[in-house]
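Below, each chain spelled out in residue letters.
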Amino acid sequence: MGEREPKYSSLGEDVYRSTTVPTTQSSGGVVDSFRRFIVGSSQPLSDVSEKETFIERGPLRSMPTGTPEETSLLRGVSADNHDVELKAVAAISVNGKSLAKNEKLCVEERVETSHGTVLVAVQGPRNKPAILTYHDLGLNHVANFQTFFNFSETKNLMSNFCIYHVNAPGQEEGAETLPEGFVYPTMDELSEQLIDVMAHFNLNRIIGLGAGVGANILARFAINYPEKVDGLILINTASTAAGWIEWGYQKLNARHLKSKGLGEGTLDYLMWHHFGRGYQERQHDLSQVYREYFVQHLNAKNLALFIDSYVQRSDLGIVRELDETKKDKVRRITVPVLNVVGAHSPHEDDTVTFNGRLDPTNSTWLKIQDCSMVLEEQPAKIVEAMRLFLQGLGFAVAKSQRQLQNLL
């Protein structure tokens, strides 16, 4: 299959490789065994109400096994521990690393949208091209992006841009608990909020940078408003609806967050979601920082609503169409996409599936070695990939410190 040359160069085999077709895995056996285990029947559960029926039967006591990714999730979370509430954890500081908010970095504004109010933190001169970020589950703009944008190479690269950090409703630092009966926006409605955010700041076009849930939201926005997006840098992107195992776990997590706060089982799930398996041996210090953050800073009820919205997401509905005469007739992402994942991330399969649904002429799959949280663990490689991507979009970017040193 012929593909045109990319607009930017390869970062080497240890950092970069592209794929053209998704890997397909049959998990029917896993789903069937999961259904039988929960409801005692192999009959398919056809709608949300039937799913709720088996969720109400209580926490799981043993787990089925299946694909490597599903097995990773099942082993990484213990349903037996959901009732263990975390009352307090002593504050820690690991090698000087902290997720404490730096008040001097951003100016925060609340923006009224057609689907509620969101907090937007603006970083940099507003007369420069806009990069809009959106965070992942359990995080906000501080926990997800502050450290990365404080990295020296990132500061150098971002000197020509203004960053707009969007926080999902109720997920910002110190957020008040959303009122009883609050109807949380759907994933599509969260993406629609960005139209109002852009109007508030008089933005014509943006470059999207999203992680996990935020990546899914930005992808939806680009599908519906391609004329407002120059390009997307997406990390750990899921393009499909939630599977049965994810659906079950997330529903259990949301229920316990609403009723009992952050329990050990939900905390383990969040750690798995961001770090994958084996993180204590691979990234002990960094994982301790995030574990402390989740315990001390999460608003459990607000997070439960965010989780509910994400787990009920619809499939993006995009397809890869190689016939130029048919491209305009299918639903697809038309803007350039840098599709990123860490080698230890539990979401690698999701990004491969997503890559297989993108146009190979304007998308790249980037796998970063030796990490799961790519922005935290490998910021230099991400900055270099972003530099090449932004250059490919036609933006003038500052030279890296290494390039400047070579000129001396």
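Structure first, text after, so check above.
Residues numbered from 1 in each chain as written. Predicted model: local features only at pLDDT ≥ 70, side-chain atom pairs only at ≥ 80, totals over all residues. Heavy atoms only, no water.

Peer 1: Is there a simple way to explain the nonpolar core in this structure?
Peer 2: Considering soluble globular proteins, one finds that nonpolar side chains tend to be buried as a cluster. Core analysis: the largest hydrophobic core is formed by 67 residues, its most contacted members being Val120, Leu232, Phe294 and Ile333. Examining the composition of this core, we find that 8 residues originate from one element, helix 7 (residues 213-224), more than from any other. With near-sequence residues (within four places) excluded, Leu232 lies in contact with Gly208, Leu218, Ala219, Ala222, Ile333, Val335, Pro336, Val337, Leu338 and Phe389. (Core = buried A, V, L, I, M, F, W, Y, C linked by side-chain atoms within 4.5 Å. Buried < 20%, exposed > 50% of the residue type's maximum accessible area, 1.4 Å probe, protein only. Helix = DSSP H or I, 4+ residues; strand = E, 2+ residues; numbered from the N terminus. Contact = heavy atoms within 4.5 Å.)

Peer 1: I keep staring at the sheet that holds strand 3 (residues 130-134) and nothing clicks. Help me out?
Peer 2: Sheet strands pair by backbone hydrogen bonding; their relative direction is either parallel or antiparallel. An order of 1-2-4-3-5-6-7-8 is seen for the 8 strands of this open sheet, with the pairing classed as mixed. Of all the strands in the sheet, just strand 1 (107-113) and strand 8 (363-368) have a single pairing partner and so form its edges. Geometrically, the sheet is characterised by an average inter-axis angle of 20° between neighbouring strands, direction not taken into account. Alignment of strand 7 (residues 337-342) against strand 8, held across 6 bridges, turns out to be parallel. When the sheet's bridge partners are listed, Gly342 is paired in strand 8 with Ile368. Packed on one face of the sheet, helix 4 (residues 141-150) meets strand 1, strand 2 (116-123), strand 3, strand 4 (162-167) and strand 5 (206-211) and runs near 160° to strand 4. (Pairing = 2+ DSSP bridges. Axes fitted to C-alpha atoms, helices over the stretch in contact; angles between N-to-C directions.)

Peer 1: I'm lost on unusual backbone geometry in this one. Help?
Peer 2: The phi dihedral of Asn202 falls on the positive side, at around 55°, and the residue is not glycine. With respect to the secondary-structure elements, Asn202 resides in the loop between helix 6 (187-200) and strand 5. Look at Asp370: it is not a glycine, yet its phi comes out positive at around 60°. Here Asp370 shows up in the loop between strand 8 and helix 14 (374-377). The exposed category is assigned to Asp370, whose relative accessible area is 53%.

Peer 1: Sorry if this is basic, but what is going on with the pairing of strand 2 here?
Peer 2: Walk down a regular strand and you will see the side chains alternate between the two sheet faces. Counted residue by residue, strand 2 has 6 buried out of 8 residues, so it is predominantly covered. Here strand 1 runs beside strand 2; their pairing, made up of 7 bridges, is antiparallel. When the bridges of strand 2 are listed, Glu109 appears paired with Val120. By the bridge criterion, 5 bridges tie strand 2 to strand 4 in an arrangement that is antiparallel. Its bridge partner lying in strand 4, Ala121 is registered against His165.

Peer 1: Please explain the packing of helix 8 (residues 244-260) against helix 9 (residues 264-275) as it appears in this structure.
Peer 2: To describe two helices that pack against each other, one gives the angle between their axes and the distance between the axes. Two numbers describe how helix 8 lies on helix 9: the axes approach to 9 Å, and their chain directions differ by 130°. Between helix 8 and helix 9, the angle is such that the two are oblique. Considering only the axes of helix 8 and helix 9, their crossing is left-handed. In this structure, helix 8 contributes Gln250, Asn253, His256 and Leu257 to the contact, and helix 9 contributes Gly265, Thr266 and Tyr269. (Parallel < 35°, antiparallel > 145°, perpendicular 65-115°, else oblique. Left-handed = near helix turned anticlockwise from the far one by under 90°.)

Peer 1: Can you walk me through the packing of aromatic side chains in this structure?
Peer 2: Aromatic rings in a pair are described by how distant their centres are and how their planes are angled relative to each other. Within the structure shown, the criterion is met by 11 aromatic pairs. On the numbers, 6.3 Å between centres and 55° between planes, the contact of Phe145 with Phe149 is tilted. Note that Phe145 and Phe149 are positioned in helix 4 at a spacing of 4 residues, about one turn of the helix. Judged on exposure class, the residue Phe145 and its partner Phe149 are both buried. Ring centres of Phe182 and Tyr184 lie 6.1 Å apart, and the angle between their planes is 75°; on these two criteria the pair is classed as edge-to-face. With relative accessibility at 28%, the residue Phe182 sits in the partly exposed group. Put simply, the rings of Phe275, Tyr290, Tyr293 and Phe294 touch in pairs and so form one group of aromatic residues. When the ring centre of Tyr310 is taken as origin, the NZ or CZ atom of Arg313, which lies over that ring, is 4.2 Å away. (Phe/Tyr/Trp six-rings, centres within 6.5 Å; stacked < 30°, edge-to-face > 60°. Lys NZ or Arg CZ within 6 Å of the ring centre and 35° of its normal.)

Peer 1: Mind showing me how you'd approach helix 7 here?
Peer 2: Think of an α-helix as 3.6 residues a turn; residues three or four steps apart then line up on the same face. Compared with an ideal rise of 1.5 Å per residue, which puts 12 residues at 16 Å, helix 7 spans 17 Å between its outermost C-alpha atoms and is within 8% of the ideal. Among the 12 residues of helix 7, 11 are classified as buried, and the element is accordingly described as predominantly covered. Looking at helix 7, one finds that the buried residues are Val213, Gly214, Ala215, Asn216, Ile217, Leu218, Ala219, Arg220, Phe221, Ala222 and Ile223. On its buried side, helix 7 packs onto strand 3, helix 6, strand 5, strand 6 (229-235) and helix 12 (300-311). (Expected span 1.5 Å × (residues − 1).)

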